[in-house]
4 protein chains.
Amino acid sequence: MTDEPFKITLEVRDYECDLQGIVNNSVYQNYLEHARHKFLQAKNVDFAKLTAEGIHLVVIKAELEYKKSLKPNETFTVSVELEKVGRVRWAFLQEVRRQPDNELMLKGRISGVGLNQNGRPHVVPELEPLMNDA
Amino acid sequence: MTDEPFKITLEVRDYECDLQGIVNNSVYQNYLEHARHKFLQAKNVDFAKLTAEGIHLVVIKAELEYKKSLKPNETFTVSVELEKVGRVRWAFLQEVRRQPDNELMLKGRISGVGLNQNGRPHVVPELEPLMNDA
Amino acid sequence: MTDEPFKITLEVRDYECDLQGIVNNSVYQNYLEHARHKFLQAKNVDFAKLTAEGIHLVVIKAELEYKKSLKPNETFTVSVELEKVGRVRWAFLQEVRRQPDNELMLKGRISGVGLNQNGRPHVVPELEPLMNDA
Amino acid sequence: MTDEPFKITLEVRDYECDLQGIVNNSVYQNYLEHARHKFLQAKNVDFAKLTAEGIHLVVIKAELEYKKSLKPNETFTVSVELEKVGRVRWAFLQEVRRQPDNELMLKGRISGVGLNQNGRPHVVPELEPLMNDA
C-alpha cells in the first residue's frame, strides 16, 4: 500500500502526566485505543455498536516500545494500520509521533481477534476490507 | 529461586471497567506499575524518592498478553519478579491472576533501564540485589 | 445513628499522582465512587447488577471540599453515609481521611436519584433501609 | 463582560465511558481541568511552569451539577470563565455542552487559591488580569 496510514492528532493533557513530569506509560494505551476506534469509525465500523451487538474485538497481545516521553503541552499524532494475521486474527500497527518534529515516541503492535456472543472466534466482516496483508 | 514471587492483592473497581463491562486494557498497566512500585517499596527502594533525586527507572518495552478479562467485583493478585537483562537493563515479569481460582488473566514483561539526571543509562545499585539472573 | 459509618481503607497509587506530586483532584471521585459501590455491595446491593437491569443510580450533584492533598505511599480511609433527601433523592456523605493520623483530606456530598429504563425517577427499594434521615 | 467565554472542543473517548455506557462522573473533572489549563496557556500562564516554580494553584472546592450524560462519539465544548472571589481566591465557572445541539451536560464551579512554596496563600499576579468581578 502506498497510502498514508490513518492518523489522528491529539494533545497531551496535564492530568495524563505523572510524578515524573511525563505522560504515564499506561496512558499511551488510551491514545492507541482511541485512535483505533476513530480509525474504525472513519471506516464506518462503530466500536460501541459492535459491542452492543455482542461482537467483541478482543486484544490478545500488546507490544509497546517506548522511545521517548511526551511532555505537557505537546501535540502528537497516532497512526493506525490494520494487518491481517490469520483467519480471525488481526494486528494494529501504531505509532505515536510528537509534532511538529515527527519524532517517534512509541511504537505499538496490538494483536487481537473477533469474538461472538458465545466467546467463540468470529470473522468480523466489517474489518476485512480494512486489512493490509501481513 | 525457589521463593514465592512478590505479590499484591487488589480488587477491580467499577470505574476501571469500560463499555464492554470488563476492565479496560490500559488499566492492567496501572495494576502492573502499582505492583512494581510496591515491590520496590517492600525492598526499601522508594520510586517517588528516586524520581525526586533525578534517577528515572524508564520503561522501554511492555509486552502484555491478555488471557482473560477481569470483571466487576473480582479480586486478583499481581506478582512481580525482577530479572537482570544487561548491565543497566532489567525486566519485570508479572502475572495478574484472578482469585480465588488463580486463573491467569494477564502475563506481562516490562523491560527498562535506569537513567540519571542527564538522561544517560545508569546502574541503579538499589536494584541489583533484587534481580534474578535471566 | 450512633453506628460508625461504613469505611474502606485504600492506598495511594503513584499513577494517581500528577505533575504536582499529589493525588490529582479528579481521582478523589474515583475513590468516592469505589467506596459507595463497596458500601452498596456490603449491603447486598450490586451496582453492576442494577445497571444491567436498567436501574441507574444517577449522580446529579457532587460537592467536594479539598482540605489537604494525599501523597504517594499514603494510606487513607473513605467513609460512606447515605441520607434520604426526598422520595427518589438521596445523598452520600463521604470523607477521605489520611491514616494513621485521621487528618481530613476531602469532604464530599454526592447527591443523586434513581432512574428506571425509561429515564424516569424511580424509588430504588434496595436503598431505602440504608438511609439515614436528613 | 460581553465577550464570549473561552472554550475548547473535545470528543468523548470510549475508554472514558464506564459500565453504564456513559462518560464516568470523574472524567468531567479531567475535562474541566484540561480546559482550565488551556485557558491559562492561551493567556500565557503555563500551569506546568508555575508548578515547577513552586506556585500551586490549589483547588479548594469543586461543585459539579450533572445535567445529562455524554455518550461515545459525542463532541462537546468546555467553557472557562475566571471570577475573582477574594484577594487570593478565585473561582472558575465552567460548562460542558454537547455539540452541535449545545445542550448543557454539566455546570461546574471550581474554587481555589494560589499557594507559594511554603504553602502560604499567595496572589498569582498572572491571574489578576484574567478575572471577572464576582
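How each quantity is defined
- Residues numbered from 1 in each chain as written.
- Chains lettered and ligands numbered in written order.
- Predicted model: local features only at pLDDT ≥ 70, side-chain atom pairs only at ≥ 80, totals over all residues.
- pLDDT = per-residue confidence, 0-100.
- Helix = DSSP H or I, 4+ residues; strand = E, 2+ residues; numbered from the N terminus.
- Contact = placed C-beta atoms within 7 Å.
- Nonpolar A, V, L, I, M, F, W, Y, C, P; charged D, E, K, R; others polar.
- Least-squares fit on C-alpha atoms with pLDDT ≥ 70 in both.
- Pairing = 2+ DSSP bridges.

Q: Please set out the confidence of the model for chain A residue by residue, giving values where relevant.
A: All names here are of chain A. In this model, chain A carries an average pLDDT of 92, and 98% of its residues clear a pLDDT of 70 or more. When mean pLDDT is compared element by element in chain A, strand E1 (residues 6-11) scores highest at 98, while helix H2 (residues 47-52) scores lowest at 79. Across the interface, the model reports ipTM at 0.91; the global pTM reads 0.93.

Q: So what's going on with the interface of chain B and chain D? Which residues, and what values?
A: Between chain B and chain D, the contact holds nine residues from the first and nine residues from the second. Its residues placed into classes, the side of chain B that touches chain D shows four nonpolar, three polar and two charged.

Q: Which residues make up the relation of the copies chain D and chain C, and what values do they have?
A: Once turned by 180 degrees and shifted 0.0 Å along the axis, chain D lies on chain C with an RMSD of 0.0 Å. Look at the turn and shift together and you get a two-fold axis relating the two. The C-alpha atom lying nearest the rotation axis in chain D is that of Glu63 of chain D; the distance is 2.3 Å.

Q: Describe in detail the interface of chain D and chain C, supporting the description with residues and values.
A: With 18 residues of chain D at the contact, the number on the chain C side is 18 residues. A class-by-class count of the residues in the side of chain D that touches chain C yields seven nonpolar, seven polar and four charged. With five bridges joining them, strand E2 (residues 56-66) of chain C and strand E2 (residues 56-66) of chain D adopt antiparallel strand pairing. Among the inter-strand pairings, Lys61 of chain C is bridged to a residue of E2 of chain D, identified as Glu65 of chain D.

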